[in-house]
Amino acid sequence: MVKLMLALDVMDKNKALEIVKETSEYIDAIKIGYPLVLATDLKIVKEIKELSNKEIICDFKVADIPSTNEKIAKLTLQYADGIICHGFVGEDSVKAIQNIAKENNKKVIMVTEMSHPGAVMFMQPIANELAKLAKKLGVDGVVAPSTRPERLKEIKEIVGEISIISPGIGAQGGDLEKVLRILSNDDYIIVGRSIYNSESPKESAKMYKEKLKNNF
Ligand code: O7M
């Protein structure tokens, strides 16, 4: 079954913990990014891991020189099960993160093409090359857009067995039915606002989980 990753981009600690408690029955993984960590601190990652016992991925889209990437990965992977990085900074920068992740048995997920309209400007033209780099480096996952199913398909064909983590369903208007025809078991959809901003995050998470179970 395709998995459900909750993007927990709320900026209030109590709200975050409440949403995790409410939705945990229906989600497989939680993505924590800058909004929540900057509003609280990095220890929120540990707290949410302990509370939920789900896979926790830190979305810091790390994009620096190798020695700085290494420091960010060390700090993050004390608590998180995986970290998201950019590939456009080059092979050495991604490898620096992979080395830290391997020592700790954690995941590295690399961004290829992003889901927002602006990604067609600079990212789309190099996204297939980034997908090839992800495959060459043997990263644990790649991020590819649910907002452009044709691009999602192309990137999936390039990366083969590597799992796909795909944002864009819900608030960004991605077509879940089309996306589920492309994704396979152990791939993930990422859903944020249409769960945490909904009247009932629990019911919304449940609805997505059921759609994934029934393949729409
Ligand atoms: O469902 P949403 O639109 O509220 O949230 C989507 C989440 O996925 C949010 O955390 C974004 O920062 C993230 N995301 C994208 O929306 N598009 C991308 O191309 C990449 C990401 C992402 O998670 O990158 C790792």
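Note that the structure is a prediction, hence the values are computed from the model and not measured.

## Focus: the packing of aromatic side chains
Tallied over the entire structure, the rule returns 1 aromatic pair. Ring centres of Y34 and F60 lie 5.2 Å apart, and the angle between their planes is 25°; this geometry places the pair in the stacked category. On the criterion of sequence distance, the pair formed by Y34 in helix α2 (residues 34-39) and F60 in strand β3 (residues 55-62) is long-range, its members being 26 residues apart. The exposure class assigned to Y34 is partly exposed, which follows from its relative accessible area of 42%. Among the residues examined, F60 registers a relative accessible area of 6% and is labelled buried.

## Describing the sheet that holds strand β6 (residues 141-143)
A barrel is described by the order of its strands in space; here 8 strands give the closed sequence β1-β2-β3-β4-β5-β6-β7-β8, paired in parallel fashion. Strand-to-strand twist across the sheet, computed as the mean angle between neighbouring axes with direction ignored, equals 25°. Two strands pair when backbone bridges link them, and strand β7 (residues 163-167) and strand β8 (residues 188-191) are joined in this way by 3 bridges, in the parallel orientation. Counted as the bridge partner of I165 is Y188 from β8. Where helix α8 (residues 149-159) meets the sheet, its contacts fall on β6 and β7, and the angle it forms with β7 comes to roughly 160°.

## Structural notes on the environment of S52
Here S52 shows up in helix α3 (residues 43-52). Judged by relative accessible area, S52 falls into the buried class, the value being 11%. Taking C-alpha positions, S52 is 9.3 Å from E25, a pair spaced 27 residues apart along the chain. Not counting residues within four places of it along the chain, the set of residues in contact with S52 comprises V20 and I30. At 2.7 Å, the side chain of S52 and the backbone oxygen of I48 are in polar contact.

## Quick word on the layout of surface pockets
Roughly 420 Å³ of volume is contained in the largest pocket. When contributions to the lining of the largest pocket are tallied by element, the ones reaching two or more residues are β3, β8 and α10 (193-196).

## Side note on the UniProt feature "active site" (unreviewed entry) in the protein chain
UniProt feature "active site" (unreviewed entry): in the numbering of this structure it lies at D59, K61 and D64. Residues from the annotated list that form part of the lining of the largest pocket: D59 and K61. By secondary structure assignment, the location of K61 is in strand β3. On the accessibility criterion, K61 (30% relative accessible area) is partly exposed. In contact with K61, not counting residues within four places along its chain, are I84, C85, H86 and M114. The residue D64 is located in the loop between β3 and α4 (66-76) in this model. On the accessibility criterion, D64 (34% relative accessible area) is partly exposed. Setting aside its immediate chain neighbours within four residues, D64 contacts N69, V89 and S93.

## Remarks on α8
Of all the residues in α8, the buried ones are P149, R151, L152, I155, K156, I158 and V159. Of the residues flanking the end of α8, it is G160, one or two places downstream, whose phi is positive at about 65°.

## Observations regarding the UniProt feature "domain: Orotidine 5'-phosphate decarboxylase" (unreviewed entry) in the protein chain
The UniProt record annotates "domain: Orotidine 5'-phosphate decarboxylase" (unreviewed entry) at residues 3-208. Helix makes up 49% of residues 3-208 and strand makes up 19%, while its end C-alpha atoms are separated by 10 Å.

Definitions and limits used
- Residues numbered from 1 in each chain as written.
- Predicted model: local features only at pLDDT ≥ 70, side-chain atom pairs only at ≥ 80, totals over all residues.
- Heavy atoms only, no water.
- Phe/Tyr/Trp six-rings, centres within 6.5 Å; stacked < 30°, edge-to-face > 60°.
- Helix = DSSP H or I, 4+ residues; strand = E, 2+ residues; numbered from the N terminus.
- Buried < 20%, exposed > 50% of the residue type's maximum accessible area, 1.4 Å probe, protein only.
- Pairing = 2+ DSSP bridges.
- Axes fitted to C-alpha atoms, helices over the stretch in contact; angles between N-to-C directions.
- Contact = heavy atoms within 4.5 Å.
- Polar contact = N/O pair within 3.5 Å; in protein donor to acceptor, adjacent residues only side chain to side chain.
- 1 Å grid on protein atoms, 1.4 Å probe; cavity = no way out; pocket = protein on both sides within 12 Å on 5 of 7 lines; lining within 4 Å.
- Points joined across faces, edges and corners; volume = space filled by probe spheres on them.
- UniProt positions renumbered as here; feature names shortened; annotations may be inferred.

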